[in-house]
Structure formats: C-alpha cells, structure tokens
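Read off the chains here:
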Amino acid sequence: MSAARCLLTEDQFLCSICLDVFTDPVTIPCGHNFCKTCITQHWDIKVPFQCPNCKEVFNTRPELRVNTFISEMAAQFRQSAQQKASSSSSEQQAAKPGEVPCDVCTGTKLKALKSCLVCLESYCETHLEPHLTRSGLKRHQLIDPVENLEGRMCTKHDKLLELFCKTDQMCVCMLCTYSDHKTHDVVPLKEEYEGKKAELGKTEAEIQQMIQKRQLKIQEMKHSVGLSKEDADREIADGVQVFTALKESVERSQAELIDTIKEKQRKTEKQAEGFIKELEQEISELKKRSTEVVQLSCSEDHLHLLQSFTALNAAQPNKNWTEVHVRPPSYEGTVVRAVNQLEETLSKQMKKLLAEAELKRVQQSAVDVTLDPDTAHPKLILSDDGKQVKHGDVKKNLPDNPERFDCCVNVLAKQSFSSGRFYYEVQVKGKTEWDLGVVRVSINRKGQIKMSPQNGYWTICLRNDNEYKASTSSSVCLSLKSQPEKVGVFVDYEEGLVSFYDVDAAALIYSFTGCSFTEKLYPYFSPGSNYGGKNSAPLIISPVNHTE
C-alpha cells in the first residue's frame, strides 16, 4: 500500500467540483468520481444529468453509491497529507509572481494558504495557525487566498460587503441597509450567490443544449452535402455515359460519310482507268498503223501498194470516243443527308439514353412494399409474403371492415407515404388486365368506383390484352411500342408527380403532373378478374434491380 501511495498525487484525490479531497466519493457510469454531496447538488440544479468532466449525458439520474476503495484511499491520503504538512511547515515556499503572499511575513513573503474576510489579510501556513486554533478567530470567514481584500469592503462605511441589494443589483454592507438601501430588497450575499449559481447552472444546461442542437445541425448539413455529392457523382457518371454514346454515334456517322464519299471516288477512278487503258491501247495500235502507212506510201511496187491498202484500212480502230466521258460524281447533299440521318439517330438514341438515366435515377428511391390483406377484396388471393395477388373464383368470408374493397377487386399496400419520393416495381407478365398506381387514404372503397385523380386515383390500366389507358377524367389511351412485362411506379409527393415506366424497355409510359397531394398515399393494385383462367397470372411486387 505504501508503494502504491507514493505513486499517487493530490490531484488524483480531488473532487473536480469542490476541488478538495474526496468526501464520500461516488463513481458515476462514465467512470469519473465526485463527492456524493457535490454531484447530488450539481444534478439538483442542472438538466440534463451530465458528467461535469466528460459531458456524457445520462437518460435517467444514476444511482449513487459510495466507492469504498477510493474513500479509504482518500482518507489515508488526507491523513498522510496532514502529517506531511505538520512535519514540513519549515519548508514552505516563497510566493511566486502571480501568487498571493502572506501579509504577516516579514522579509521573504511566503505563499498564502487562506485569506480572512474579517481581518482582511492573507496568511501562510504558519500565520494561519491562530485562525485554526483560537476560538475567537475560528469564527472568521476564511476563503482561498485572494488579492485586493479592500475591494470586498464598502467604500462608504468601511464594512464587509456581505449583503446584496436586488433593487440596485449591487453588493452592500450592513450599514448600507440603514441609509441608501433602507427600503430596498436586500438578501445575504450567500443567498444571492446560490441563486446566481443556480441560474448559471441553467444557463450552462441551455448552452449545452444549444451546442448539441448546432452539432446536430452540422451533422445534418454534412449528411446533406454527402447526399449531394452522391447525387452529383451519379449525375456526372450518367452524363458521361450519355455523351460518350452520342460521341460514338457521331464518330460512326462521320466514318460512314467518309466511306460513302471515298467509294464514289473509287468507282470514278476505276471507270476512268478502264477508259484510259483502252485509249492507250488504241493509240499504240494507231502508231503501229501509222508506221505501216508511211512505209507503204514509200513503196514503188504498184501491185504491193494496191494489195496492202485495202487490208490496212480495214484494220483501223473505229470506236467513236466523242460521247464517252468520265463525269465526276455529285457529292451535293451527301453531308446534309448524313447529318439529317445522324440527327434522327441521335434523337432516338438520346431519348433512349435519357430514359435509361431517368429510370436509374428514380430507382434510387426504391421502397419495400407489401400487400395489406385487410384491404383486399374477398375474391383476391394474396401470397404469404404479401408480394403477390391474383383473382380467385371463390369469395372468401371476410369481415367487411371499412378499409376493405367490397365490389372492385382491389388491394392496397400496408405502407403509406406523405412526403418525399418512393418507387416500386410490379411484374405484369402474362396478364390481359390489370390496374396499378397510387391512391389517397380517403378514397371510397365500397361499391362501384370511378377511378380518376378527382376521386383520389392516379392509375394506369390494361384492358383486352393490348389496350393501355391512363385513368384520367376522360380516360387517355396510351400508345406503347411494346407490352411491358414489368411496370415501375414513381411518386414525388412534393412535386405532385406520378410516373409509370416500362422497366425492361427503360421507357416512360405516362406521367400525372401538377398533382396536389394533401393526404397519405397508398400503392394500389388490381389484378383484374380471372376470365376463366385467361388472366390467372398474379401481379408480383418485384425487388428493384438497379439498371447499370
């Protein structure tokens, strides 16, 4: 124990609240120790329950029990410190700059241990002894050493400032209450001190709450910045993908244009080369005939000349080259036609790429949706996992609760949405009739229903195997290039937008825009009637596979 004691310092046995050696030390959940009275009074005036050292906040007030180990250690340390102090009184240190010196010492001024508010003097350990032993001086109020004790005296009456005037908000002495502050609200200095200390405790709690709110706001802002960066990175990636594809299309069109022009030029060159070769051959033959004519004209053999003349004329080339021409091909309009074709190609490709990017964006808002059996028409059959629904021929005996559809074969999701964005996908493969969309919570669920936004329905439907309609007030017919096998439904509550997508084709089917949502919205499903097995395939809520 003695070996351990020599390793411990006074600071390790001091309560951080009263700054004195522990009295009945207790340990709180974060591991810090305090005097039981100190932490109890601290929590009596401070909310929330917080550690004064590490600022950890506890949801409920911790139960306090005395730490017997630290209590015994503190007691032994206090006894050791007293023995050490009594045996080394002659080894007191001189007051250093900034420390309060003893007012009684002559020569070297020793460091003061206490100041007396009655004597208005500060004392070192030696000169403090009378205040600790003499009965008359024991009643004097001692405080930690302070300078300028005169500042604690009333300048008018030269008495101790021991009262506080609430009326004038100033410290006064006892005689002031009989003169300038006679009718004022005056209380003891300690009472006002306790009140102000309690106010400081509340102020500290308020400051801590303000700090926490601002720290939460910082976290919120950092989270928003993080989301913004994710959105920006995703948008940049989508943009790079779109422009790369468009650039490749332009480069392909440019290469095709160059090849077209060069092919025309190659054909012209080949035609000209054929004509030139033929002409050069005829020139060669004519030169040979010219030599023969010259030789024959020089002959003096009458018979030979006459016999050769006829054969010579007969072998002469007789092709008429007057109408033979090599005409340069016309390139006029080639670039214009290529650009027009490129524009048409780019337009189609750009629409496709933008649609894919748009679908990829809305898929980021995917939510988990399950069917609510309490809303399902009695003829509907729901899967155990709440992901599939189909029409059955047998009407089940179910309670006719207010949420249940009793005439139309409809069912809603369990989940509702009253803000933000959400998206889900439904497989409609193999069906000849279905309805999908969202509805507001207050829709009529009994009897025949007219589906329109005015009645709280934002839906599209399939009828007769190939007739697609948007359920507006006038029922808009939709022209689709292909029959969707999986439909995506996207809602932006604040923007008032409901959009439907052909997931496999990455194409927008229809959008309700300018909607005004004021109630909860529920995903809506109708698999349609069975029709003798023709429409027996179920609607299936599918997991969202984000497009790449």
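(A) Broad picture of the side chain of Ser249. Within the element layout of this structure, Ser249 appears in helix H6 (residues 189-297). Residues within four places of Ser249 in sequence aside, it is in contact with Leu342, Leu346 and Gln349.

(B) Just the pattern of salt bridges, in detail. In total, this model carries 21 salt bridges according to the counting rule given. Note that Lys229 and Asp233 form a salt bridge whose closest N and O atoms lie 2.9 Å from each other. Placement of both Lys229 and Asp233 in helix H6 is noted, with a separation of 4 residues, approximately one turn of the helix.

(C) Fine view of the layout of surface pockets. In this structure, the second largest pocket spans a volume of roughly 480 Å³. Within the residue set of the lining of the second largest pocket, elements represented by two or more residues are helix H8 (334-362) and strand E21 (507-512). It is H8 that provides the largest number of residues to the lining of the second largest pocket, a total of 5 residues.

(D) Expanded view of the sheet that holds strand E16 (residues 457-463). Spatially, E13-E22-E15-E16-E17-E18 is the arrangement adopted by the 6 strands of the open sheet, whose pairing is antiparallel. A strand with exactly one partner marks an edge of an open sheet, and here the two such strands are strand E13 (411-412) and strand E18 (476-478). Examined bridge by bridge, strand E15 (residues 434-440) and strand E22 (residues 521-526) share 6 bridges and lie antiparallel to one another. From the neighbouring strand, Val439 faces E22, where its bridge partner is Tyr522.

(E) View of the sheet that holds strand E8 (residues 163-165). Spatially, 3 strands are ordered E9-E8-E10 in an open sheet, and the strand pairing comes out antiparallel. Each of the sheet's edge strands pairs with one partner strand only, and the pair in question is strand E9 (170-172) and strand E10 (186-188). Averaged over all neighbouring strand pairs, the angle between strand axes comes to 35°, with direction disregarded. Inspection of the sheet shows E8 paired to E9 by 3 bridges, in the antiparallel sense. Looking at E9, one finds that Cys165 is bridged to Met170.

(F) Looking closely at the packing of aromatic side chains. Applying the stated rule across the entire model yields 11 aromatic pairs. On the basis of an interplanar angle of 15° and a centroid distance of 4.0 Å, the ring pair of Phe417 and Phe422 is categorised as stacked. The exposure class of Phe422 is buried, given its relative accessible area of 0%. Considering the side-chain rings of Phe500 and Phe512, the 6.3 Å spacing of their centres and the 70° angle between planes classify their relative orientation as edge-to-face. On the criterion of sequence distance, the pair formed by Phe500 in strand E20 (residues 497-502) and Phe512 in strand E21 is long-range, its members being 12 residues apart. Here Phe500 matches Phe512 in class, with each residue buried. Every member of this aromatic cluster is reached through a ring pair, and the members are Trp43, Phe49 and Phe58. For Lys319, the ring lying beneath its charged end belongs to Trp321, and the centroid distance is 4.1 Å.

(G) Local environment of the environment of Gln79. Residue placement: Gln79 occurs in helix H3 (residues 68-87). Judged by relative accessible area, which is 46%, Gln79 ranks as partly exposed. Sequence separation between Gln79 and Val104 is 25 residues; the distance between their C-alpha atoms is 28 Å.

(H) Expanded view of a nonpolar patch on the surface. A surface patch of nonpolar side chains, amounting to about 320 Å² of accessible area, comprises Met174, Leu175 and Tyr178. Relative to the elements of secondary structure, Met174 occurs in the loop between E9 and E10. Under the relative-accessibility criterion, Met174 is labelled partly exposed at 39%.

(I) Region of interest: the side chain of Arg445. Topologically, Arg445 is positioned in the loop between E15 and E16. Buried charge without a salt bridge: Arg445, with Glu403 as the nearest opposite-charge side chain at an N-O distance of 6.2 Å. Among the polar contacts made by the side chain of Arg445, one reaches the main-chain carbonyl oxygen of Glu403 at a distance of 3.0 Å. Residues contacting Arg445, with those up to four places away along its chain left out, are Thr375, Pro402, Glu403, Arg404, Phe405, Asp406 and Leu412.

The rules behind these values
- Residues numbered from 1 in each chain as written.
- Predicted model: local features only at pLDDT ≥ 70, side-chain atom pairs only at ≥ 80, totals over all residues.
- Heavy atoms only, no water.
- Helix = DSSP H or I, 4+ residues; strand = E, 2+ residues; numbered from the N terminus.
- Contact = heavy atoms within 4.5 Å.
- Salt bridge = Lys/Arg side-chain N within 4 Å of Asp/Glu carboxyl O.
- 1 Å grid on protein atoms, 1.4 Å probe; cavity = no way out; pocket = protein on both sides within 12 Å on 5 of 7 lines; lining within 4 Å.
- Points joined across faces, edges and corners; volume = space filled by probe spheres on them.
- Pairing = 2+ DSSP bridges.
- Axes fitted to C-alpha atoms, helices over the stretch in contact; angles between N-to-C directions.
- Phe/Tyr/Trp six-rings, centres within 6.5 Å; stacked < 30°, edge-to-face > 60°.
- Buried < 20%, exposed > 50% of the residue type's maximum accessible area, 1.4 Å probe, protein only.
- Lys NZ or Arg CZ within 6 Å of the ring centre and 35° of its normal.
- Patch = residues over 30% accessible without salt bridge, like charges linked within 9 Å, V, L, I, M, F, W, Y side chains within 5 Å.
- Areas by Shrake-Rupley, 256 points an atom, 1.4 Å probe, with all protein chains shown as cover.
- Lys, Arg positive; Asp, Glu negative; His and termini not counted.
- Polar contact = N/O pair within 3.5 Å; in protein donor to acceptor, adjacent residues only side chain to side chain.

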